[in-house]
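The lines below spell out each chain.
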Amino acid sequence: MTAQELLDKLLDSYRQSFDITRPFQVDGHAYDAYAAFNVTSAKYVLVKTAELWRADCYEHTFFSCRETLSREDLDIFREEIVNYIEPEIVREGKTCMEKDHMYTYITGVFLCEQGVPKELKKDICRFRFFKNYRFGIRGYSEARLLVLDLKNHEILGNRAAKDLIKGYKKFF
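Residues numbered from 1 in each chain as written. Predicted model: local features only at pLDDT ≥ 70, side-chain atom pairs only at ≥ 80, totals over all residues. Heavy atoms only, no water.

1. Overview of the overall build of the protein chain
For clarity, the cut-off: Secondary structure elements follow DSSP: runs of H or I of four or more residues count as helices, runs of E of two or more count as strands, with numbering from the N terminus. For a compact globule the rule gives 2.2 Å times the number of residues to the power 0.38, and the radius of gyration it is set against comes from C-alpha atoms. Residues are treated as being in contact if the distance between any of their heavy atoms lies within 4.5 Å. Residues scored as charged are limited to Lys and Arg (positive) and Asp and Glu (negative), so that His and the chain ends carry no count. To locate a charge, the coordinates of NZ of Lys, CZ of Arg, CG of Asp or CD of Glu are taken.
Secondary structure assignment for the protein chain yields 4 helices and 9 strands. Shown N-terminal to C-terminal, the secondary structure of the protein chain runs as helices and strands in the order α-β-β-β-β-β-α-β-α-β-β-β-α. Its C-alpha radius of gyration of 17 Å places the protein chain within 12% of the 16 Å reference for a compact globule of 172 residues. Considered along the principal axes of its C-alpha atoms, the protein chain spans approximately 55 × 30 × 25 Å. For the protein chain, the proportion of contacts with a sequence separation of at least 24, taken over those separated by at least 6, is 63%. Each charge sign in the protein chain was given a centre, from 27 positive and 27 negative side chains, and these centres are 8 Å apart.

2. Section: the environment of His 153
Tracing the backbone through its elements, the reader meets His 153 in the loop between strand E8 (140-149) and strand E9 (154-157). Residues His 153 and Glu 113, spaced 40 residues apart in sequence, show a C-alpha to C-alpha distance of 9.8 Å.

3. Some remarks on the confidence of the model for the protein chain
Test applied: Confidence scores labelled pLDDT are given residue by residue by the predictor and lie between 0 and 100.
Of the residues in the protein chain, 98% reach a pLDDT of 70 or more, and the chain-wide mean stands at 87. When pLDDT is averaged over each element of the protein chain, E8 comes out on top at 92 and strand E4 (residues 33-44) at the bottom at 86.

4. Quick word on the side chain of Arg 91
The condition that has to hold: To sort residues, take the accessible area from a 1.4 Å probe on protein chains only and compare it with the maximum for the residue type: under 20% means buried, over 50% means exposed, and anything in between is partly exposed. Polar contacts here mean pairs of N or O atoms no more than 3.5 Å apart (in protein, one a potential hydrogen donor and the other a potential acceptor; neighbouring residues in sequence count only if both atoms are side-chain atoms).
Along the polypeptide, Arg 91 turns up in the loop between helix H2 (71-90) and strand E6 (101-112). Note on Arg 91: relative accessible area 14%, which makes it buried. Looking at Arg 91, its side chain comes within polar contact range of the side chain of Glu 86, at 2.8 Å. Here Lys 94 takes part through its backbone oxygen, which lies 2.9 Å from a polar atom of the side chain of Arg 91. Those residues in contact with Arg 91 that sit more than four places away from it in its chain are Glu 86, Cys 96, Met 97, Lys 131 and Tyr 133.

5. So, the pairing of E8
Our working definition: Pairing between strands is defined by DSSP: at least two bridges between them are needed.
Of all 10 residues making up E8, 9 are buried, and the element is well covered by its neighbours. The hairpin formed by E8 and E9 contains 4 residues between the paired strands, and His 153 there has a positive phi angle of roughly 50°.

6. Section: the packing of aromatic side chains
This is how the line gets drawn: Working definition: rings of Phe, Tyr and Trp (its six-membered ring) pair if their centres are within 6.5 Å, and the pair is stacked with planes under 30 degrees apart, edge-to-face with planes over 60 apart, and tilted otherwise. Counting as a charge over the ring demands two things of the Lys NZ or Arg CZ atom: a distance within 6 Å of the ring centre and an angle within 35 degrees of the ring normal.
If you walk through the whole model with that rule in mind, you get 13 aromatic pairs. Between the aromatic rings of Phe 130 and Tyr 140, the centroid separation amounts to 5.2 Å while the plane-to-plane angle is 20°, which identifies the pairing as stacked. Taken together, the positions of Phe 130 in strand E7 (residues 130-132) and Tyr 140 in strand E8 put the pair 10 residues apart, joining distant regions of the chain. On the basis of relative accessibility, which here comes to 36%, the residue Phe 130 falls in the partly exposed class. Over the face of the ring belonging to Tyr 105 we find Arg 144, whose NZ or CZ atom lies 4.1 Å from the ring centre.

7. Quick look at H2
Which entries qualify depends on this criterion: For a helix, the expected span equals 1.5 Å multiplied by the residue count minus one. What the bend at a residue measures is the angle between two axes, fitted to the seven residues ending there and to the seven starting there.
Along its 20 residues, H2 runs just 25 Å from first to last C-alpha, ending more than 12% under the 28 Å computed at 1.5 Å per residue. Bending of H2 peaks at approximately 50° at the position of Ile 81. Considered for burial, the residues of H2 that qualify are Asp 73, Leu 74, Phe 77, Glu 80, Ile 81, Ile 85, Glu 86, Pro 87, Ile 89 and Val 90. Two residues or fewer after H2 comes Glu 92, characterised by a positive phi angle close to 55°.

8. Observations concerning helix H1 (residues 3-14)
Counted at 1.5 Å a residue, the expected span for H1 with its 12 residues is 16 Å, and the 16 Å between its end C-alpha atoms agrees. On its buried face, H1 is in contact with strand E1 (19-21), E4, strand E5 (51-66), E6, E8 and helix H4 (162-168).

9. Re the pairing of E4
Here E1 pairs with E4 via 3 bridges, running antiparallel. Looking at the pairing, Thr 21 lines up with Tyr 34 of E4. Where E4 meets E5, 12 bridges bridge the pair, whose relative direction is antiparallel. Following the sheet pairing, Ala 35 is matched in E5 by Thr 61. In textbook terms, the turn of a hairpin is the stretch between consecutive antiparallel strands, and for E4 and E5 this stretch comprises 6 residues, one of which, Leu 46, has a positive phi near 60°.

Laid out in structure tokens, this is it:
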């Protein structure tokens with residue numbers, strides 16, 4: 001299975017819950033696809049105006065098909081998160097998140113046809129981005145990194161993507 005075929009299969013499963021854009025530009029860098037998701041949960045008593053609590057949750061997923069992954073690719077993704085994705089896409093240019101924000105996941109999914117170099121596997125596992133808003137009162141943003149090695153049928157990810165790895169195993 002090629003990376004594009006797997007990407008199409010993944011996007012079909014995402015299509016039910018996510019808004020998908022193909023291709024997608026992030027600060028001049030092209031991704032094969034972008035999927036956005038948001039959900040609001042609320043608890044109220046008798047009428048909706050008597051709201052007890054509300055929680056807004058978001059996920060922004062960026063898909064990229066590659067021959068192989070390099071350290072430079074990881075550095076570029078981290079820079080894009082810090083300089084563009086988090087301030088412009090997640091916060092929408094505002095100084096802080098809205099009142100009821102709980103969490104936002106920024107997920108990078110890299111599909112590599114020719115495998116991943118051994119020296120890069122530790123860097124993938126150590127990849128980290130985490131940002132609290134107003135000491136956690138307005139929630140947080142966290143980056144999840146997932147690398148699908150099609151040559152060796154292996155799924156790699158950082159600590160935040162641990163739950164995603166279990167879900168993606170069904171595609172292999």
